[in-house]
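Chain and residue survey
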Amino acid sequence: MQNQINKLSLEDKIKLINKHKIPRHVAIIMDGNGRWAKEKGYPRIFGHQEGAKRVEDILKIAKRVGISYISFFSFSTENWNRPKEEVEFLFTLMANYLEDKKNMLLKNKIRFKAIGRIYELPSFLQKKIKEVEEETKDFKDLTAVFCINYGGRQEILDAVNKIAYDIRNNILEDKYICENVLKKYLYLPELPDVDLLIRTSGEKRISNFLLWFIPYAELYFTKKYWPDFKEEDFIDAILDFQNRQRRFGGI
Ligand code: FPP
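The written sequence of each chain sets the order in which its residues are numbered from 1. Reporting in this predicted model follows two pLDDT cut-offs: at least 70 for local features of residues, and 80 or more for side-chain atom pairs to be given and counted; totals over whole chains, interfaces and linings ignore these cut-offs and use all residues. Computation of side-chain values covers all heavy atoms of the structure but excludes hydrogens and water.

1. Some remarks on the overall build of the protein chain
Helix and strand content of the protein chain: nine helices and six strands. To get the radius of gyration, use the C-alpha atoms; to get the globule rule, take the number of residues to the power 0.38 and multiply by 2.2 Å. In terms of C-alpha radius of gyration, the protein chain reaches 19 Å, essentially the compact-globule figure of 18 Å for 251 residues. Once the C-alpha set of the protein chain is aligned to its principal axes, its extents read approximately 60 × 50 × 35 Å. When each of the 251 residues of the protein chain is scored for burial, the buried share is 51%. Residue burial considers only the protein chains on display, and all accessible areas are found by Shrake-Rupley using a 1.4 Å probe. In the form shown here, the protein chain has an accessible surface area of approximately 13,600 Å², with 50% of it arising from carbon and sulfur atoms. Charge separation in the protein chain, taken as the distance between the mean sites of 44 positive and 37 negative side-chain charges, equals 2 Å. Secondary structure elements follow DSSP: runs of H or I of four or more residues count as helices, runs of E of two or more count as strands, with numbering from the N terminus. Relative accessible area decides the class of each residue, using a 1.4 Å probe on protein chains only: under 20% of the type maximum gives buried, over 50% gives exposed, and in between gives partly exposed. Counting rule for charge: Lys and Arg are taken as positive, Asp and Glu as negative, and neither His nor the chain ends is counted. Taken as the charge centre is NZ of Lys, CZ of Arg, CG of Asp or CD of Glu, depending on the residue.

Shown next, in the form of structure tokens:
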């Protein structure tokens, strides 16, 4: 069966999608840019550049199939440990990406949001983020969430510290912090739980991504490096997701 699906064209694969079982939130760990470049004899940054191109393709196909939220792990709180030149390159790439793709987002009616410790990013990137967030804020169907300087534990810690501050200052009166209250203090409280988490490059780890949101996420790992991950591969992941039995702890 899987072999037959593999041979289908993109359009035929799309026809197999069950419109009543579309994942609401898909999260992607875009891994393997560096290895992709190295294997081709290019510098690592070339892999990031090529990887950025895939983001547009995946956004458009996500919009087309009716996904509501798509999150991209763009820079983790641990990625500061990379060489300074690579870190700077990534920030410049992201700012340029937002500048170049603003019209594409507007044309496709895609809302853009960035989450993470955004205030620690260089000001040129913060400025671009604010600008694109503002210009796309009214779009409702698909929200593209770029997780930049993001860590799942850090997000929960930031929420806990904001809660502690609000309690000390009598802003929050709750005596008991339930899930709903904590969620309100996360970076983007409206973000629903992840239904499908995709990681490319063959690694099978969560790497501190969206920890609060993944308790019942279906995990999809592919050996393809992110720059090789095409629309067809995304649809394969959706079809695989639609064949899973989700029980959410029930029977
Ligand atoms: C992981 O590959 C990738 C990253 C840390 C950065 C992801 C960034 C992009 C795809 C480009 C810009 C993003 C946007 C949203 C426009 P890696 O470098 O860890 O690869 P490796 O494991 O093979 O070394």
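So that's the structure; there's more coming.
2. Quick word on the site of the ligand
Think of it this way: one heavy atom of a residue within 4 Å of a molecule or strand is enough to make that residue near it. Taken together, 17 residues surround the ligand, and among them Met30, Gly34, Arg35, Arg44 and Arg82 come closest. Here a polar contact means two N or O atoms within 3.5 Å. Within protein one must be a hydrogen donor candidate and the other an acceptor candidate, and residues neighboring in sequence count only if both atoms are side-chain atoms. A distance of 3.2 Å is found between an oxygen atom of the ligand and a backbone nitrogen or oxygen belonging to Asn33. Coverage of the ligand by the protein amounts to 92% of the 620 Å² it exposes when considered alone. The way it works is a 1 Å grid over only the protein atoms, where trapped points that fit a 1.4 Å probe form a cavity and open points with protein on both sides within 12 Å along at least five of seven lines form a pocket, and then any residue with an atom within 4 Å of a point lines it. For a cavity or pocket, the test is whether more than half of a molecule's atoms lie within 2 Å of its grid points; if they do, the molecule sits there. If you map the ligand onto the pockets, it falls in the largest pocket. For the shell around the ligand, the secondary-structure elements that each account for two or more residues are helix H3 (33-39), helix H4 (44-65) and helix H5 (84-107). In terms of residue class, the shell around the ligand is built from six nonpolar, seven polar and four charged. Think of it as three bins: nonpolar holds Ala, Val, Leu, Ile, Met, Phe, Trp, Tyr, Cys and Pro, charged holds Asp, Glu, Lys and Arg, and polar takes everything else, Gly as well.

3. Digging into the sheet that holds strand E3 (residues 110-115)
Sheet architecture is open: six strands sit in the order E3-E4-E2-E1-E5-E6, paired in parallel fashion. The open sheet has two edge strands with one neighbour each: E3 and strand E6 (218-221). Sheet twist, expressed as the average angle between the axes of neighbouring strands with direction ignored, equals 20 degrees. Strands were regarded as paired on the criterion that DSSP finds at least two bridges between them. Two elements, E3 and strand E4 (residues 142-150), share six bridges in a ladder whose sense is parallel. Bridge pairing links Phe112 to Ala144 in E4. To define axes, lines are fitted to C-alpha atoms, for helices over the stretch in contact only, and angles between the resulting N-to-C directions are given on a 0 to 180 degree scale.

4. Re H4
Because each turn of an α-helix spans 3.6 residues, side chains separated by three or four positions in sequence point in the same direction. Look at H4: 32 Å from first C-alpha to last across 22 residues, which is about the 32 Å you get at 1.5 Å a residue. Looking at the residues trailing H4, positive phi occurs at Gly66, about 90 degrees. Expected span of a helix: the number of residues minus one, times 1.5 Å.

5. Structural notes on the pairing of strand E5 (residues 196-199)
Taken residue by residue, a regular strand's side chains alternate between the two faces of the sheet. Residues Leu196 and Ile198 of E5 are buried on one face, and the alternating residues Leu197 and Arg199, pointing to the opposite face, are buried as well. Bridge count for E5 against E6 is four bridges, and the pairing is parallel. Paired with Ile198 across the bridge in E6 is Tyr220.

6. Things to note about unusual backbone geometry
At Asn170, a residue that is not glycine, the phi angle is positive and equals roughly 55 degrees. Mapping Asn170 onto the fold places it in the loop between helix H7 (152-168) and helix H8 (179-184). With phi around 50 degrees, Ser207 is a residue other than glycine that occupies positive phi space. Mapped onto the elements of the fold, Ser207 is located in the loop between E5 and E6.

7. Overview of the pattern of salt bridges
We define a salt bridge as a contact between a side-chain nitrogen of Lys or Arg and a carboxyl oxygen of Asp or Glu at a distance within 4 Å. A complete count under the given rule lists 27 salt bridges for this structure. The partner of Asp57 in a salt bridge is Arg54, and the shortest N-O contact between them spans 3.1 Å. Linking Asp57 with Arg54, this pair stays in helix H4, spanning three residues, or about one helical turn. Its relative accessible area of 21% is what places Asp57 among the partly exposed residues. Measuring nitrogen to oxygen at the nearest pair gives 3.3 Å for the salt bridge that ties Glu203 to Arg205. Judged by its relative accessible area of 45%, Arg205 falls in the partly exposed class.

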